[in-house]
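# Analysis of the macromolecular model
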Amino acid sequence: MKTYQLVGIGNAVVDVISQCDDNFLEHMGIEKGIMQLIERERGEVLYAAMQERVQTPGGSVANTIAGAGALGLDAAFIGRVHDDALGRFYADAMADDGVDFVNPPVAGGELPTSRSMIFVSPDGDRSLNTYLGISSELSSQDVPDEVAGQAQLMFLEGYLFDKDKGKTAFMEAARDCRLGGGKAGISLSDPFCVERHRADFLKLIESELEFVFGNEDEVKSLFETDDLDAALAQLSAICPLVICTRSADGATVITKEGRVDVPVEKVTPLDTTGAGDQFAAGFLFGLSQGRDVETCAKMGNLCAAEVISHIGPRPEKDMKEQLQAAGLL
């Protein structure tokens, strides 16, 4: 039976990326800088309006797993795609990143493969418009017990809580992972996602999870406060490992031993898509190698810096070489 160093469960979404200006966003009624869920028809309208589309496999946790796989971790991703052109593209692309995509594309069924139309503004900000399609139908049946139960680290995507069967799959996978001796954690995903599922998230974090990743807005939303330090204190009281990304201010990591603030070199981003996802990839890679949390955060910062230097949510450089060059390996 195969043991994976890292298993992710999340939405399998094909990212379709295009550059645009703020006038275009206004004209199309797109709210800048956030992720909005859209219906199929709206998705078709936005897709048709995109100039020079770049297509790439995405989904927040999937991006993390692909980044970790590229660093050399034995990694698997659990997600749901349709047996259509985009779904086959997605499955092949995960395999190309050295990641086991353990669910074959689903034949039959009504819903197409999920896609997110991402509009990148001149300032590097991105506005996401996501049609969830088949990925939101993920259920316990899609999570093989032997994969979850044999995972050393499991990373779960908060967005999956939007459907009850996704939530159930999530809970069972976290439990299987813990029973198998592994550690499970969550990405808080989005401040609006936190608002929708605050009570469930807090209960899950306290009872089942070993680590939490979130940015400043997500962590503050979890405790309905504008005071980040207060929110971090509350979160660290119920979770052994808290990782908060703070954009240009670097990252804050809190363990039972205390708090570590790890700064970043400020760079002007070309596209911030995937920054948090690749930070998590670097951090989890370090964690799987038994490194201290400060080194893990430095690895995360380096991976995030690489991905914001180009269009698209996954690394283009050999990040193992980059980590070695920085003296982190």
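Computed from a prediction, not measured in an experiment: that's the story for all the values here.

### Re the overall build of the protein chain
- A count of helical and extended segments in the protein chain gives 12 helices and 14 strands.
- In terms of C-alpha radius of gyration, the protein chain reaches 18 Å, essentially the compact-globule figure of 20 Å for 329 residues.
- With respect to the three principal axes, the spread of C-alpha positions in the protein chain is 50 × 45 × 40 Å.
- Buried residues in the protein chain amount to 55% of all 329 residues.
- Of the accessible surface of the protein chain, which amounts to about 13,800 Å², a share of 46% is contributed by carbon and sulfur atoms.
- Charge centroids of the protein chain, computed over 28 positive and 53 negative side chains, lie 2 Å from each other.

### Quick word on the sheet that holds strand E4 (residues 54–58)
- Strand order in the open sheet formed by five strands is E3-E8-E7-E2-E4, and the pairing between neighbours is mixed. Looking at which strands have only one partner, the edges of the open sheet turn out to be strand E3 (35–37) and E4. Strand-to-strand twist of the sheet, defined as the mean angle between neighbouring strand axes without regard to direction, takes the value 25 degrees.
- Pairing of strand E7 (residues 114–120) with strand E8 (residues 126–131), which is carried by six bridges, proceeds in the antiparallel orientation. Opposite Met117, over in E8, you have Asn129 as the bridge partner.

### Concerning helix H7 (residues 191–208)
- The terminal C-alpha atoms of H7, which comprises 18 residues, lie only 21 Å apart, well short of the 26 Å expected from a rise of 1.5 Å per residue.
- At His197, H7 is bent by approximately 85 degrees, the largest bend along its length.
- The set of residues buried in H7 consists of Cys193, Val194, His197, Arg198, Phe201, Leu204, Ile205 and Glu208.
- Tucked inside the fold, the buried residues of H7 contact helix H6 (164–179), strand E10 (183–187), strand E11 (211–215), helix H8 (216–222) and helix H9 (228–238).
- Between a side-chain oxygen at the N-terminus of H7 and the backbone nitrogen of Phe192 the separation is 2.8 Å; the capping residue is Asp190.

### Quick look at H9
- Where H9 is concerned, the buried positions are Leu228, Ala231, Leu232, Leu235 and Ser236. Buried residues in H9, looked at end-on, bunch into an arc of 130 degrees, giving them a common side.
- The secondary structure elements touched by the buried residues of H9 are H7, E11, H8, strand E12 (241–245), strand E13 (251–255) and strand E14 (258–262).

### A closer look at the UniProt feature "domain: Carbohydrate kinase PfkB" (unreviewed entry) in the protein chain
- Those residues carrying the UniProt feature "domain: Carbohydrate kinase PfkB" (unreviewed entry) are residues 35–314 in this numbering.
- End-to-end, the C-alpha atoms of residues 35–314 are 18 Å apart, and along that stretch the chain is 42% helix and 21% strand.

What counts and how
Within each chain, residue numbers correspond to sequence positions counted from 1 in written order. This being a predicted model, a pLDDT of at least 70 is required before a residue's local features are given, and a value of 80 or more before pairs of side-chain atoms are given or counted; all residues contribute to the totals for chains, interfaces and linings. Only hydrogens and water are set aside when side-chain values are computed; all heavy atoms of the structure are taken into account. To qualify as a helix, a DSSP run of H or I must reach at least 4 residues; to qualify as a strand, a run of E must reach at least 2; elements of each kind are numbered from the N terminus. Our radius of gyration is a C-alpha quantity, and the globule rule it is checked against amounts to 2.2 Å times the number of residues to the power 0.38. To sort residues, take the accessible area from a 1.4 Å probe on protein chains only and compare it with the maximum for the residue type: under 20% means buried, over 50% means exposed, and anything in between is partly exposed. Working definition of accessibility: Shrake-Rupley area with a 1.4 Å probe, residue cover restricted to the visible protein chains. In this tally, Asp and Glu contribute negative charge and Lys and Arg positive charge; neither His nor the terminal groups of the chain are included. For charged residues, the charge sits on one atom: NZ in Lys, CZ in Arg, CG in Asp, CD in Glu. Strands were regarded as paired on the criterion that DSSP finds at least two bridges between them. Note on geometry: axes are C-alpha line fits, over the in-contact stretch for helices, and angles between N-to-C directions span 0 to 180 degrees. An expected span of 1.5 Å times one less than the residue number is assigned to each helix. Think of it this way: the bend at a residue is just the angle between two axes, each fitted to seven residues, one set ending at that residue and the other starting at it. By definition in these notes, contact holds between two residues if any of their heavy atoms fall within 4.5 Å. Any pair of nitrogen or oxygen atoms within 3.5 Å is treated as a polar contact; in protein, a donor-acceptor pairing is required on top of that, and neighbouring residues in sequence qualify only through side-chain atoms on both sides. Working definition: the arc comes from the directions between the helix axis and the C-beta atoms, pointing outward to the latter. UniProt positions are given in the numbering used here, feature names are shortened, and annotations may be inferred rather than shown by experiment.

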